[in-house]
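Residue-level listing of the chains:
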Amino acid sequence: MADSSSGQIDHVLIEERLFPPPAKFTEKAVVASKAQYEELYAAARDDRDGFWGKEAQEHLHWFEPFDTVCQWQSPNAKWFVNGKTNASYNCLDRNIDNGLGDRVAILWEGEPGDTRTLTYRELRTEVCKCAEGLRALGVNQGDVVSVYMPMTPELAITMLACARIGAVHSVIFAGFSAESIADRNNDASAKVMVTADGLYRRGKVLPLKETVDEALAKSPTVEKCLVLRRIGQDGVSMTEGRDVWWHDVVETQIGDLPAEPLDSEAPLFILYTSGSTGKPKGILHTTAGYNLWAKRTFQWVFDHQEDDVYWCTADCGWITGHSYVVYGPLSAGATCLMYEGAPNHPQEDRFWDLVEKYKVTTLYTAPTAIRAFIKWGDEHVEKHDLSSLRLLGSVGEGINPEAWMWYHEKIGGKNCPIVDTWWQTETGGIMMSPLPGITSTKPGSCTTPLPGVIPEIVDESGQPVEPNHGGMLCIAQPWPGMLRGIWGDEKRYAEQYWTMVPGKYLTGDNARCDDDGYYWIMGRIDDVINVSGHRLSTIEVESALVSHEAVCEAAVVGRPDDLKGQAIAAFVTIRDREPDEELKKELRLHVRKQIGALANPDDIRFTASLPKTRSGKIMRRLLRDIAAGHEATGDTSTLEDLSVLASLKDED
Ligand code: 6R9
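On a predicted model such as this, the values are computed, not experimentally measured, just so you know. (Residues numbered from 1 in each chain as written. Predicted model: local features only at pLDDT ≥ 70, side-chain atom pairs only at ≥ 80, totals over all residues. Heavy atoms only, no water.)

1. Examining the packing of helix α4 (residues 87-100) against helix α6 (residues 153-165)
Part 1: Two elements in contact, α4 and α6, have axes separated by 7 Å at closest approach and are oriented at 115 degrees. As far as their axial angle goes, α6 and α4 are roughly perpendicular. Between α4 and α6, the residues in contact are Ala 87, Ser 88, Tyr 89, Cys 91, Leu 92 and Asp 93 and Leu 160, Ala 163 and Arg 164, respectively. (Axes fitted to C-alpha atoms, helices over the stretch in contact; angles between N-to-C directions. Helix = DSSP H or I, 4+ residues; strand = E, 2+ residues; numbered from the N terminus. Parallel < 35°, antiparallel > 145°, perpendicular 65-115°, else oblique. Contact = heavy atoms within 4.5 Å.)

So this is what it looks like as structure tokens:
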């Protein structure tokens, strides 16, 4: 084992299973041979500007051509300089011009079961009406529009309407508190807010407008509030002079507003994400580079084919919803399913019911959801015909090999490639992922970088680590989809991402690269623990635990220990077993067998659920506090409910 002073991280869990792509898949694939990938990769690396210049010309519409492909002065990048384009045009008009006007763009299902279908032409009309409505409310190019809405078509319509007129959307996940909304409104100086009277969640109604009213009392910059009637309940309070109904202001418009030619670097959106300090950061993405990245990564990774029915289950409140519900698939002319509600309403089989009903071919979801499905039981899956599926995707966290295997077998029927996509809000789109027609996958690895992505793994002094050792993951070259800054905080942008390893983008994740050139994400930099001089990544210990049949989910953190430096504390949720000493012994033995004695958990605590951020990531920081504060007590069989803590301590 490497000694910890080298700054490298030991890798302990060996995963040797290898899954080649099905031959039938490769035949028709967008990237159909290794040689083709290697050619693309080499071209993007060796002639960055030549490569992306050609890509941008071919795959975006230009009102005016750009004159320079990339202007890079670390940490500031400009792409497609002086060009004029429009993301809404690229998502709608360009497809209609190419004869796809009657193709279905959005297949939508509400939680109560109501449905809507919008073709590309119909979607454009709706987007234009919304854009006209926003203009009527005084929204101009460069103004920020906050969006706090359920997953209805109007959410995507509002985003595209902003893009059409050059307004900057700031989507706030419709689960955040009034306080969080106000913080974001104030940070961005939002001028207009778009919301709905309420949303359906597990059969109940959440009164969104009430929350917004509370937020607006503390948001002095917001002048107008546009309200969609989704629930239709009486008694929604509308403030005279500020609040207007969607059906009065949007539906009454003509719906033919041409897309505004916008500078390539015109801000497209801000999306707030939590940082290492308390204050959320407004990650800024601009028009052309982001649009191109979302589109091309969508086509490559999801192998987009004309007759696909593609479903990304993410909410538009997250980056995954921005890039892979809206901008990527719509730019590519895809038919997208959009679902409003919870995966377990009315029953735990809702997702599989939707896959069967809409004959979904491509499903993109998160490990946290997959682990929930495993916990709910296979019978919910087995009731449904999932044979339409041909490709599965995962995003948001590392997928534990055992969850990967379940996804592969139970959902994919053993013949769908799985794309484990690694990326971040900041990267704009997927950075590392298998290409489903050519990459043999290893469960738990996001495999190889996409064209234009030059990863580097370095130790604390910025020196590259040897293969098979973990270190900090950086990206060595700018790419079109990269963030352009933190809204209103240039200093924090430079410090956080570009200073520790000068001139390189610091992702904040640890990773290792194996002998085959496959990357394994080892969690956030602060997830690393140091046990008796071995720096271990917590995800490997978690994966070992999850591979035990009684374990559904596991979260591993370090807690201070006089002897070892740090001791390993594991929080686990279980199924079909009693949470007793016997099981703890078994789990310890299991980890020893899978990894070795050095990863043997010192504490094992059973819990009814794990605290998670609203986007489904386990809150290890919170668990670290708990692990440090409460030593394992004599009474070890109690099941704690940590979800309560998660709701007390939100990510922002
Ligand atoms: C897209 C998204 C980014 C962080 C990222 C990493 C984790 C995302 C992952 C993954 C392992 C994957 N992450 N995908 N870790 N394997 N396939 O999730 O963006 O919400 O900004 O989170 O999520 O730690 O740094 P965001």
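2. Examining the sheet that holds strand β16 (residues 309-312)
Backbone hydrogen bonds are what pair the strands of a sheet, in a parallel or an antiparallel way.
Part 1: One open sheet holds the seven strands; their spatial order is β5-β4-β17-β16-β18-β19-β20, and the pairing between them is mixed. Only two strands of the sheet have a single partner each, and these edge strands are β5 (115-119) and β20 (418-420). On average, adjacent strands in this sheet sit at an angle of 15 degrees to one another, irrespective of strand direction.
Part 2: Of the pairings in the sheet, the one linking strand β19 (residues 391-394) to β20 comprises three bridges and is parallel in character. Paired with Ser 394 across the strands is Asp 420, a residue of β20. (Pairing = 2+ DSSP bridges.)

3. Section: helix α8 (residues 208-216)
Two residues of an α-helix separated by three or four positions point the same way, owing to the 3.6 residues in each turn.
Part 1: Buried within α8 we find Leu 208, Lys 209, Val 212, Asp 213, Ala 215 and Leu 216. Burial along α8 is one-sided: seen end-on, the buried residues are contained in an arc of 165 degrees. Along α8, the residues that are exposed and aim more than 90 degrees away from the buried face are Glu 210 and Glu 214. (Buried < 20%, exposed > 50% of the residue type's maximum accessible area, 1.4 Å probe, protein only. Arc of directions from axis to C-beta.)

4. Here we look at the UniProt feature "binding site: ATP" (unreviewed entry) in the protein
Part 1: With numbering matched to this structure, UniProt assigns "binding site: ATP" (unreviewed entry) to Gly 396, Glu 397, Gly 398, Asp 420, Thr 421, Trp 422, Trp 423, Gln 424, Thr 425, Asp 509, Arg 524 and Arg 535. What stands out for the annotated residues spanning 140 residues is how far apart their C-alpha atoms range, the widest pair being 27.1 Å apart.
Part 2: Structurally, Gly 396 can be placed in the loop between β19 and α15 (401-411).
Part 3: Accessibility expressed as a relative area gives 28% for Gly 398, which makes it partly exposed.
Part 4: Sequence-distant contacts of Gly 398, defined by excluding residues within four places in its chain, comprise Pro 367, Arg 371 and Ile 539. (UniProt positions renumbered as here; feature names shortened; annotations may be inferred.)

5. Some details on the environment of Tyr 324
Part 1: Inspection of the secondary structure assignment puts Tyr 324 in helix α11 (residues 319-331).
Part 2: Note on Tyr 324: relative accessible area 0%, which makes it buried.
Part 3: It is 18 Å that separates the C-alpha atoms of Tyr 324 and Ala 174, two residues lying 150 residues apart in sequence.
Part 4: Those residues in contact with Tyr 324 that lie beyond four places of it in its chain are Ala 294, Thr 297, Phe 298, Phe 302, Tyr 310, Cys 312, Pro 329, Tyr 364, Trp 423, Gly 429 and Ile 430.
Part 5: Of note is the side chain of Tyr 324, whose polar atom sits 2.6 Å from the side chain of Thr 297. (Polar contact = N/O pair within 3.5 Å; in protein donor to acceptor, adjacent residues only side chain to side chain.)

6. Section: the site of the ligand
Part 1: Around the ligand, the structure places 16 residues, and the nearest of them are Asp 420, Thr 421, Thr 425, Asp 509 and Arg 524.
Part 2: In the environment of the ligand, an oxygen atom lies 2.5 Å from a nitrogen or oxygen atom belonging to the side chain of Thr 425.
Part 3: One of the side-chain N or O atoms of Lys 617 is found 3.0 Å from an oxygen atom in the ligand.
Part 4: Looking at side-chain class alone, the shell around the ligand contains five nonpolar, six polar and five charged residues. (Near = heavy atom within 4 Å. Nonpolar A, V, L, I, M, F, W, Y, C, P; charged D, E, K, R; others polar.)

7. Notes on the pairing of strand β2 (residues 76-81)
Part 1: Inspection of the sheet shows strand β1 (residues 68-73) paired to β2 by five bridges, in the antiparallel sense. Bridged to Cys 70 within β2 is Trp 79.
Part 2: Count of turn residues in the β1/β2 antiparallel hairpin: two residues.

8. Structural notes on the sheet that holds strand β25 (residues 519-524)
Part 1: Strand order in the open sheet made by the four strands is β21-β22-β24-β25, with antiparallel pairing throughout. Two strands lie at the open edges of the sheet, namely β21 (455-458) and β25, each paired on one side alone. Averaged over all pairs of adjacent strands, the angle between their axes in this sheet comes to 45 degrees, without regard to strand direction.
Part 2: Here strand β22 (residues 471-475) pairs with strand β24 (residues 505-513) via four bridges, running antiparallel. Looking at β24, one finds that Met 472 is bridged to Asn 510.

9. Side note on the pattern of salt bridges
Part 1: Overall, the coordinates contain 41 salt bridges when judged by the stated rule.
Part 2: Between Arg 371 and Glu 397 there is a salt bridge, with the nearest N and O atoms lying 3.0 Å from each other. Placement of the pair is Arg 371 in helix α13 (residues 367-376) and Glu 397 in the loop between β19 and α15, with a sequence separation of 26 residues.
Part 3: Accessibility expressed as a relative area gives 5% for Arg 371, which makes it buried.
Part 4: Residue class for Glu 397 comes out buried when judged on its relative accessible area of 17%.
Part 5: For Arg 620, the salt bridge goes to Glu 542, with nearest N and O atoms at 2.8 Å. Of this pair, Arg 620 sits in helix α19 (residues 620-629) while Glu 542 sits in helix α17 (residues 538-546), and the two are 78 residues apart along the sequence. The pair Arg 620 / Glu 542 is uniform in exposure class, with both members buried. (Salt bridge = Lys/Arg side-chain N within 4 Å of Asp/Glu carboxyl O.)

10. A short note on the nonpolar core
Part 1: Core analysis: the largest hydrophobic core is formed by 143 residues, its most contacted members being Trp 52, Phe 80, Leu 123, Leu 134, Phe 302 and Tyr 327.
Part 2: When residues in this core are grouped by element, the largest group, nine residues, is from α6.
Part 3: Apart from residues no more than four positions distant in its own chain, Tyr 327 is found in contact with Ala 87, Cys 91, Met 159, Leu 160, Ala 163, His 169, Leu 268, Phe 269, Tyr 290, Asn 291, Ala 294 and His 322.
Part 4: Phe 19, Ile 370, Leu 389 and Trp 404 belong to the second-largest nonpolar core, a separate cluster that totals 30 residues. (Core = buried A, V, L, I, M, F, W, Y, C linked by side-chain atoms within 4.5 Å.)

11. Considering the packing of aromatic side chains
Part 1: Per the stated rule, a full pass over the model turns up 36 aromatic pairs.
Part 2: Between the aromatic rings of Trp 62 and Phe 66, the centroid separation amounts to 4.9 Å while the plane-to-plane angle is 70 degrees, which identifies the pairing as edge-to-face. Like Trp 62, the residue Phe 66 is buried in the burial classification.
Part 3: Between the aromatic rings of Tyr 290 and Tyr 327, the centroid separation amounts to 5.6 Å while the plane-to-plane angle is 85 degrees, which identifies the pairing as edge-to-face. Of this pair, Tyr 290 sits in helix α10 (residues 287-301) while Tyr 327 sits in helix α11, placing them 37 residues apart in sequence. With respect to class, Tyr 290 is no different from Tyr 327; both count as buried. (Phe/Tyr/Trp six-rings, centres within 6.5 Å; stacked < 30°, edge-to-face > 60°.)

12. A word on the domain arrangement of the protein
Part 1: We note that the domain assignment places domain 1 (23-442 + 449-511) and domain 2 (529-648) within the protein.
Part 2: Each of domain 1 and domain 2 was reduced to a C-alpha centroid, and the two centroids are 33 Å apart.
Part 3: Of the residues lining the interface, 17 residues belong to domain 1; the matching set on domain 2 comes to 18 residues.
Part 4: Summed over both partners, the interface of domain 1 with domain 2 buries about 1,500 Å², with 51% contributed by carbon and sulfur atoms.
Part 5: The largest share of the area that domain 1 buries against domain 2 comes from Arg 371, Lys 375 and Asn 400, three residues that together contribute 31% of it.
Part 6: Taken together, the links from domain 1 to domain 2 amount to five residue pairs in polar contact (both at pLDDT 80 or more). (Domains from an automatic or database assignment. Buried area = accessible area lost by both parts, 1.4 Å probe.)

13. Some details on the pairing of strand β7 (residues 168-171)
Part 1: Residues Val 168 and Ser 170 point to one face of β7 and His 169 and Val 171 to the other, with burial holding for every one of them.
Part 2: Examined bridge by bridge, strand β6 (residues 144-148) and β7 share four bridges and lie parallel to one another. Across the sheet, Val 147 pairs through a bridge with Val 171, a residue of β7.
Part 3: Viewed along the sheet, the connection from β6 through α6 into β7 turns out right-handed.
Part 4: Summarising the sheet, β7 and strand β14 (residues 267-273) pair through two bridges and their orientation is parallel. Counted as the bridge partner of Ser 170 is Ile 270 from β14. (Right-handed = clockwise from strand over helix to strand, strands pointing away.)

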